[in-house]
Amino acid sequence: MSTKFTLPPLPYAYDALGPYMSAETLEFHHDKHHQAYVTNGEKLLEGSGLEILPLEDIVKEAFGKNAGLFNNAGQHYNHVHFWNWMKPNGGGKSLPGKLAAKVDEDLGGFDKFRADFIQAGTTQFGSGWAWLSLNQKTGKLEVTKTANGESPLVYGGHPLLGVDVWEHSYYIDYRNARPKYLEAWFDNLVNWEHVEHMFDEASA
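The model shown is predicted, which means the values in this text are computed figures rather than measured ones. (Residues numbered from 1 in each chain as written. Predicted model: local features only at pLDDT ≥ 70, side-chain atom pairs only at ≥ 80, totals over all residues. Heavy atoms only, no water.)

S.K.: Please clarify how the sheet that holds strand E1 (residues 128-135) should be interpreted in this entry.
M.R.: Hydrogen bonds along the backbone pair up the strands of a sheet, which may run parallel or antiparallel. If you walk across this open sheet you meet the three strands as E2-E1-E3, and the pairing is antiparallel. Each edge of the sheet is formed by a strand with only one pairing partner; in this case those strands are strand E2 (141-147) and strand E3 (157-164). On average, each strand axis in the sheet is inclined to that of its neighbour by 30°, with strand direction left out of account. Sheet topology note: the E1/E3 ladder contains seven bridges and is antiparallel. Across the sheet, residue Ala130 finds its bridge partner in E3, namely Val163. Its contacts with the sheet put helix H4 (residues 97-107) on E1 and E2, and the angle it makes with E2 is roughly 80°. (Pairing = 2+ DSSP bridges. Helix = DSSP H or I, 4+ residues; strand = E, 2+ residues; numbered from the N terminus. Axes fitted to C-alpha atoms, helices over the stretch in contact; angles between N-to-C directions. Contact = heavy atoms within 4.5 Å.)

S.K.: In this structure, what is going on with the packing of helix H2 (residues 55-62) against helix H3 (residues 67-84)? I would like to understand it.
M.R.: The axes of two packed helices give the description: the angle between them and the distance between them. The N-to-C vectors of H2 and H3 enclose an angle of 145°; their axes lie 9 Å apart at closest approach. Viewed along their axes, H2 and H3 form a crossing whose handedness is left-handed. Taking contact as the criterion, the partners of Leu55, Glu56, Ile58, Val59 and Ala62 in H2 are, on H3, Leu69, Phe70, Ala73, Gly74, His76 and Tyr77. A per-class count over the contact of H2 with H3 returns eight nonpolar, two polar and one charged. (Left-handed = near helix turned anticlockwise from the far one by under 90°. Nonpolar A, V, L, I, M, F, W, Y, C, P; charged D, E, K, R; others polar.)

S.K.: Got a minute to help me understand the UniProt feature "binding site: Mn(2+)" (unreviewed entry) in the chain in this structure?
M.R.: Here, the residues flagged by UniProt with the feature "binding site: Mn(2+)" (unreviewed entry) are His29, His79, Asp164 and His168. Judged by maximum C-alpha separation, these annotated positions cover 140 residues in sequence but sit close together in space, the widest gap being only 12.5 Å. Mapped onto the elements, His79 comes out in helix H3. Apart from the residues within four sequence positions on either side, His79 is in contact with His29, His34, Tyr37, Trp129, Asp164 and His168. A distance of 2.7 Å separates the side chain of His79 from the backbone oxygen of Gln75, its partner in a polar contact. Positionally, His168 belongs in the loop between E3 and helix H6 (171-174). On the basis of relative accessible area, His168 is assigned to the buried category, the value being 17%. (UniProt positions renumbered as here; feature names shortened; annotations may be inferred. Polar contact = N/O pair within 3.5 Å; in protein donor to acceptor, adjacent residues only side chain to side chain. Buried < 20%, exposed > 50% of the residue type's maximum accessible area, 1.4 Å probe, protein only.)

S.K.: Quick question: what am I supposed to make of the UniProt feature "domain: Manganese/iron superoxide dismutase C-terminal" (unreviewed entry) in the chain here?
M.R.: On the UniProt side, "domain: Manganese/iron superoxide dismutase C-terminal" (unreviewed entry) is annotated at positions that read residues 97-197 here. A helix fraction of 46% and a strand fraction of 23% characterise residues 97-197, whose end C-alpha atoms lie 12 Å from each other.

S.K.: Mind showing me how you'd approach the pattern of salt bridges here?
M.R.: Close approach of charged atoms allows side chains of opposite charge to pair. Scanning the model with the defined rule gives eight salt bridges in all. The closest approach of N and O atoms between Asp116 and Lys112, which form a salt bridge, is 2.7 Å. One end of the pair is Asp116 and the other is Lys112, both in helix H5 (residues 110-123) and four residues apart, which spans about a single turn. Owing to a relative accessible area of 45%, Lys112 belongs among the partly exposed residues under this scheme. Arg114 is the salt-bridge partner of Asp187, the closest N and O atoms lying 2.8 Å from each other. Of the two residues, Asp187 is situated in helix H7 (residues 178-188) and Arg114 in helix H5; the sequence distance between them amounts to 73 residues. When salt bridges with common partners are traced through the structure, they connect Lys102, Asp106 and Lys140 into a single cluster. (Salt bridge = Lys/Arg side-chain N within 4 Å of Asp/Glu carboxyl O.)

S.K.: What is the right way to look at unusual backbone geometry in this model?
M.R.: Phi is mostly negative for residues that are not glycine, and the peptide bonds are mostly trans. Cis geometry is found at the peptide bond from Gly18 to Pro19, where omega equals 5°. Relative to the helices and strands, Pro19 resides in the segment before helix H1 (23-45). Of note, Arg175 is a non-glycine position whose phi angle comes to about 55°, a positive value. Note that Arg175 resides in the loop between H6 and H7.

Shown next as structure tokens:
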């Protein structure tokens, strides 16, 4: 199996994110759903002509040209980071310094950013993601939403933080209460250190 399509282990125990995300949710989401993206993506990569590329470039090149490969590679990329965008005892308002200053400058401060991010996830119709990203052209932070497995990668952005609003990410724990899930996720699970790491990479 290609290392590009390998299921990474969770960086914490299955029960570590409770009560905001249950072990049952993580077992289904990571072991079943993410595994399916890895398995299908590996098969679809064969003979695509993109085998030599890193995962980010596979996502970009497959977008609009190879729907099957894009859907699985895009979701694999999103989930590789999704697990790292969460940690036990995460959330809070204490953003790392450079990131906090950039949020203030571009997004009108933490509270407005939080509200806009939760609103993006709430109003994404059907399956998809809400994002904080760095726009490559403007150099500014943006809050956006995308459908299905799309991400800012294919729209000229560097993803810094993403939340999964597919129902498999929250339905066991919150049923249809997506806003409640998003509030709990943002306030209690976000790993701001991983956001800072991606911000530093995007700013380099």
